[in-house]
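# Observations on the three-dimensional arrangement
These are the residues of each chain, in order.
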Amino acid sequence: MHELFLTASVPNDDLTRAVRILQGFCGMKPQAFLCRRLMWEGPRLRTGLKGIPGDVISKQTPAKQPLWKTLHEQLVRQSYVVALVYEIEKGAFGQSTEQQDERPNHSLPSTCDQSPGTLRWNELPDPVDARPVNTRAMLQIDNERGLCSTMKSIGYRFTGQMVQECYRFINGNVIFDLSRYLQLPDDSQASDYNSPLPAFETLTPFDEENKWILMISVRVVNGKDPDQAQQAVSELMTTRSEFEGCFNFHMVARLTMDTRTRMT
Amino acid sequence: MAYASLTPEELKALDATRQKFFQLTSSIQSLKNDLARTHPLPQWSSLQVTTAMLSNYMDSITRHLAEHSELMNKVVVYPSTNYPGREQEGLLGMLLRKKLEPPVEALVEEAREIEIKNPKAVSQENEEFADWAAGWIHQRVATAAQSEMVENFTQDERIAGVENVRTGLRRKIDLKPPKIASEEEESSEEEGSEDEEMEDAGLDTAPTRPVEFGMGTVRKNPNALVRTEDDILRFATNGATSAPAAPPSTLNTVWSVGKKAK
């Protein structure tokens with residue numbers, strides 16, 4: 001599967017306006033969600049990667065085995081940073097210190113490992129060619145339990161986590177994701193994916209200016225198919241031109257979204 | 001002089017005509033100015049008020065002209081013998097012109113055509129609306145009678161005494177009349193809740209209402225840095241909080257090694 005996309009940044013002051021505009025454009029209420037994103041880094045090896053062992057793949061349900069096999073092919077070729085995404089409720093956050101004594105701490109009902117999550121692998125975006133949008137191969141395995149153990153078992157290392165706050169709109173085949181990324185306040189909490197989340201109020205935006213990123217994307221089953229790609233490109237370009245003067249959608253330098261494990 | 005033959009009343013009527021036309025034209029002019037100059041456009045409510053005023057003026061002019069139609073028909077305008085006709089020929093022509101100006105004539109023609117083509121268009125629309133409203137109100141009354149009314153008996157039955165009414169129903173019916181006060185309260189509550197519902201339903205579109213979103217405020221990190229869009233994307237994609245120290249060429253090498261390994 002391939003994802004074709006463009007991005008724009010939205011200052012926090014313009015958020016309300018942006019949401020209203022998108023709401024009107026797409027004719028829908030935003031789907032608001034919060035995600036806990038755990039980043040897992042592959043072994044720092046250039047060769048001799050093991051990928052995903054056969055027994056792990058064979059443990060998966062038959063429907064998902066092809067996805068795991070494709071993932072294995074990618075992870076054998078190259079070591080990547082892979083994200084595990086867990087959708088969370090606001091109740092999953094802890095209480096602030098004043099409230100803590102009164103009410104029990106509503107941490108995640110179970111650890112991330114026991115909750116269903118999504119594994120998301122992104123390839124480094126393709127080199128810039130004639131296409132006016134970024135393209136990257138991607139793979140998403142939804143609704144899986146025990147992802148953390150699986151990642152550990154294949155030699156991946158947990159490197160950090162963040163909370164993504166996102167408003168999603170959909171118009172035709174175009175997905176609009178208006179997101180910001182929040183950091184956990186305490187390093188010790190950030191470095192343990194099993195620790196409960198702190199109070200939402202204590203999270204801090206990654207960007208001091210609290211900018212939001214608006215990404216418009218179209219997913220195609222096969223990005224190498226020129227017809228599919230062309231349709232996705234034309235939808236994105238139409239969207240871009242409709243928002244000209246409002247959101248400045250543009251391409252991203254491919255190395256910005258490099259997901260390969262750094263060999264340092 | 002020519003106007004000597006007009007009575008004071010007739011003169012008054014002519015002057016009133018002039019006044020009314022003056023009011024109308026100046027209102028139209030000010031509306032045009034408003035539309036051209038104000039940015040954003042005037043509020044719809046003020047446009048509506050202006051339109052109502054204009055239509056009032058026109059209505060009053062029409063009535064006035066109809067009232068004095070006899071006079072208007074017989075009055076003839078012509079210049080005095082001492083009018084400097086040669087020097088002021090243009091003005092004279094304008095003042096005495098009886099035909100409509102060409103653009104105005106075109107507009108009048110257009111309006112007449114519309115009138116001829118569908119003389120009943122407006123009344124048809126009204127009829128349709130009335131039909132729809134009648135259908136709707138029947139349903140609404142039925143709903144109200146079946147599920148919203150709290151009164152079990154008619155006024156006549158109440159006067160005759162509810163004990164004597166043979167309802168033929170086995171279930172028990174509340175014989176007490178519903179309290180008027182509570183009914184009012186209920187109905188006002190209902191209206192209130194309806195209003196709320198309507199407000200809620202308008203949530204998506206009402207432009208003045210703040211959009212319901214935002215999980216809450218977050219704390220500002222005193223040590224946070226101003227990040228570029230690229231930084232944020234990098235962080236989101238691979239969790240890196242800083243740009244890679246390695247030059248792109250190294251990364252490219254890694255990439256090619258990766259390819260070879262395949």
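Model, not experiment: these values are computed from the prediction.

### Things to note about the overall build of chain A
Scanning chain A from N- to C-terminus turns up seven helices and 11 strands. Split into buried and exposed, the 264 residues of chain A put 54% on the buried side. Of the contacts formed within chain A by residues at least 6 apart in sequence, a portion of 79% connects residues at least 24 apart. Put simply, chain A shows about 11,700 Å² of open surface, and 48% of that area lies on carbon and sulfur atoms.

### Overview of helix H7 (residues 226-242) of chain A
Residue and element names in this part refer to chain A. With 17 residues, H7 should cover 24 Å at 1.5 Å per step; its first-to-last C-alpha distance of 24 Å lies within 8% of that length. For H7, every residue scored as buried is listed here: Ala229, Ala232, Val233, Glu235, Leu236 and Thr239. Each buried residue of H7 lies within a common arc of 160 degrees when the element is viewed along its axis, so the set occupies one face. Exposed residues on H7 whose side chains face more than 90 degrees from its buried face are Pro226, Asp227 and Glu242. Residues of H7 that are buried in the fold lie against strand S1 (2-10), strand S8 (174-183) and strand S11 (212-220).

### Here we look at unusual backbone geometry
Residues and elements named next belong to chain A. With phi around 55 degrees, Asn143 is a residue other than glycine that occupies positive phi space. Relative to the helices and strands, Asn143 is located in strand S6 (residues 134-144). The exposure class of Asn143 is exposed, given its relative accessible area of 57%. Backbone geometry at Asn210 places phi at a positive 60 degrees, although glycine is not the residue there. Tracing the backbone shows Asn210 in the loop between strand S10 (204-205) and S11.

### Quick notes on the confidence of the model for chain B
Residue and element names in this part refer to chain B. For chain B, per-residue confidence averages 74 on the pLDDT scale, and residues scoring 70 or more make up 74% of the total. By mean pLDDT, the top-scoring element of chain B is helix H1 (residues 8-37) (91), and the lowest-scoring one is helix H10 (residues 248-261) (39). Between residues 180-213, whose pLDDT stays under 50, and residues either more than four places distant or in other chains, the model counts 23 contacts. Low pLDDT, under 50, characterises residues 246-262; the stretch is placed with 17 contacts to residues that sit more than four places away or in other chains.

### Regarding the nonpolar core
Residue and element names in this part refer to chain A. Leu22, Phe176, Leu178, Leu214, Leu236, Phe247 and Phe249 are the most contacted members of the largest nonpolar core, which has 26 residues in total. For this core, the secondary-structure elements that each account for two or more residues are S1, helix H1 (15-26), strand S7 (157-171), S8, S11 and H7. Excluding residues within four positions of it along the chain, Phe247 makes contact with Ala8, Val10, Ala18, Leu22 and Leu214. Core analysis: the second largest hydrophobic core is formed by 25 residues, Trp40, Leu71, Tyr86 and Cys148 among them.

### Here's the deal with the packing of H1 of chain B against helix H2 (residues 44-67) of chain B
Each packed pair of helices is defined by two parameters, the angle between the axes and the distance between the axes. Residues and elements named next belong to chain B. At their nearest, the axes of H1 and H2 sit 10 Å apart, and the two run at 160 degrees to each other. Classified by the angle their axes make, H1 and H2 are roughly antiparallel. Crossing handedness for the pair H1 and H2: left-handed. The segment H1 lies against H2, with Ala13, Ala16, Thr17, Lys20, Phe21, Gln23, Leu24, Ser27, Ile28, Leu31 and Leu35 engaging Leu47, Thr50, Leu54, Tyr57, Met58, Ser60, Ile61, His64 and Leu65. Here the residues of the contact of H1 with H2 sort into 13 nonpolar, six polar and one charged.

### Examining the pairing of strand S3 (residues 81-88) of chain A
Residues and elements named next belong to chain A. The buried fraction of S3 amounts to seven of the eight residues, a majority that puts the element mostly inside the structure. In the sheet, S3 pairs with strand S5 (residues 117-122) via three bridges, with the strands oriented antiparallel. Within S5, the residue paired with Val85 across the bridge is Thr118.

Rules of the game
Residues numbered from 1 in each chain as written. Chains lettered and ligands numbered in written order. Predicted model: local features only at pLDDT ≥ 70, side-chain atom pairs only at ≥ 80, totals over all residues. Heavy atoms only, no water. Helix = DSSP H or I, 4+ residues; strand = E, 2+ residues; numbered from the N terminus. Buried < 20%, exposed > 50% of the residue type's maximum accessible area, 1.4 Å probe, protein only. Contact = heavy atoms within 4.5 Å. Areas by Shrake-Rupley, 256 points an atom, 1.4 Å probe, with all protein chains shown as cover. Expected span 1.5 Å × (residues − 1). Arc of directions from axis to C-beta. pLDDT = per-residue confidence, 0-100. Core = buried A, V, L, I, M, F, W, Y, C linked by side-chain atoms within 4.5 Å. Axes fitted to C-alpha atoms, helices over the stretch in contact; angles between N-to-C directions. Parallel < 35°, antiparallel > 145°, perpendicular 65-115°, else oblique. Left-handed = near helix turned anticlockwise from the far one by under 90°. Nonpolar A, V, L, I, M, F, W, Y, C, P; charged D, E, K, R; others polar. Pairing = 2+ DSSP bridges.

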